[in-house]
Amino acid sequence: MARTVLTDDQYKAACSAAAGALRPAGVGSVAIGDAVAAVLATVGMLTPPFDPDPDTCTAMFADPSGDWWQCADDPGHDGNDHDSGEWGWSDSDPDAIKPRTGDDD
């Protein structure tokens, strides 16, 4: 089953709520963001993906821990199988984002 990808505003709200609870304990912004992402991934939600590099295929995949990976193949490569060097996936994977049209044509 596909996990839900949060909007930027939803992710920012989750980080703000966590920061309100954790900053008094001295936890920094990067650690808060990492913790929020890890917790969200365990309950089936993903942080918004980063903007893909247009110099490679723009297909993206979220691994089981919720980290986003971009396909390392050339834009417009044949087929719908993608590879980041760490992960391989197809466009039909429930945690995949297909290549953006226009970037890979």
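Residues numbered from 1 in each chain as written. Predicted model: local features only at pLDDT ≥ 70, side-chain atom pairs only at ≥ 80, totals over all residues. Heavy atoms only, no water.

**Student:** Please clarify how the sheet that holds strand E7 (residues 96-97) should be interpreted in this entry.
**Tutor:** Strand pairing within a sheet occurs via backbone hydrogen bonds; the two strands may be parallel or antiparallel. Read across the open sheet, the 3 strands follow the order E4-E3-E7; overall the sheet is antiparallel. Edge positions in the sheet fall to strand E4 (68-70) and E7, since each of these pairs with one other strand and no more. As paired elements, strand E3 (residues 60-62) and E7 share 2 bridges and run antiparallel to each other. Within E7, the position partnered with Met60 by the bridge is Ile97. (Pairing = 2+ DSSP bridges. Helix = DSSP H or I, 4+ residues; strand = E, 2+ residues; numbered from the N terminus.)

**Student:** Teacher, can you tell me more about the environment of Arg100 here?
**Tutor:** Locating Arg100 in the fold gives a position in the segment after E7. Look at Arg100 and you get partly exposed, because its relative accessible area is 41%. Residues Arg100 and Asp83 lie 17 residues apart in sequence; the distance between their C-alpha atoms is 16 Å. Here Arg100 is in contact with Asp51, Pro52 and Thr58, once residues within four sequence places are set aside. (Buried < 20%, exposed > 50% of the residue type's maximum accessible area, 1.4 Å probe, protein only. Contact = heavy atoms within 4.5 Å.)

**Student:** Any chance you could explain the packing of helix H1 (residues 8-22) against helix H2 (residues 29-42) here in plain terms?
**Tutor:** Helix packing for two helices is described by the angle between their axes and how far apart those axes are. In the contact formed by H1 and H2, the axes pass within 9 Å of each other and the chain directions differ by 120 degrees. One way to sum up the angle between H1 and H2 is to call them oblique. Crossing of H1 against H2: the hand is right-handed. Residue-level inspection shows Tyr11, Ala14, Cys15, Ala18, Ala19 and Leu22 of H1 in contact with H2, the latter providing Ile32, Gly33, Val36 and Leu40. (Axes fitted to C-alpha atoms, helices over the stretch in contact; angles between N-to-C directions. Parallel < 35°, antiparallel > 145°, perpendicular 65-115°, else oblique. Left-handed = near helix turned anticlockwise from the far one by under 90°.)

**Student:** In this structure, what is going on with H1? I would like to understand it.
**Tutor:** Every α-helix winds through 3.6 residues per turn, so residues three or four apart in the chain are directed the same way. With 15 residues, H1 extends 21 Å from end C-alpha to end C-alpha; this agrees with the ideal 21 Å at 1.5 Å per step. Those residues of H1 not exposed but buried are Cys15, Ala18 and Ala19. Down the axis of H1, the buried side of the element spans an arc of 105 degrees, and every buried residue falls inside it. The exposed residues of H1 that point more than 90 degrees off its buried face are Asp9, Ala17, Gly20 and Ala21. Turning to H1, the residues buried within the fold contact H2. (Expected span 1.5 Å × (residues − 1). Arc of directions from axis to C-beta.)

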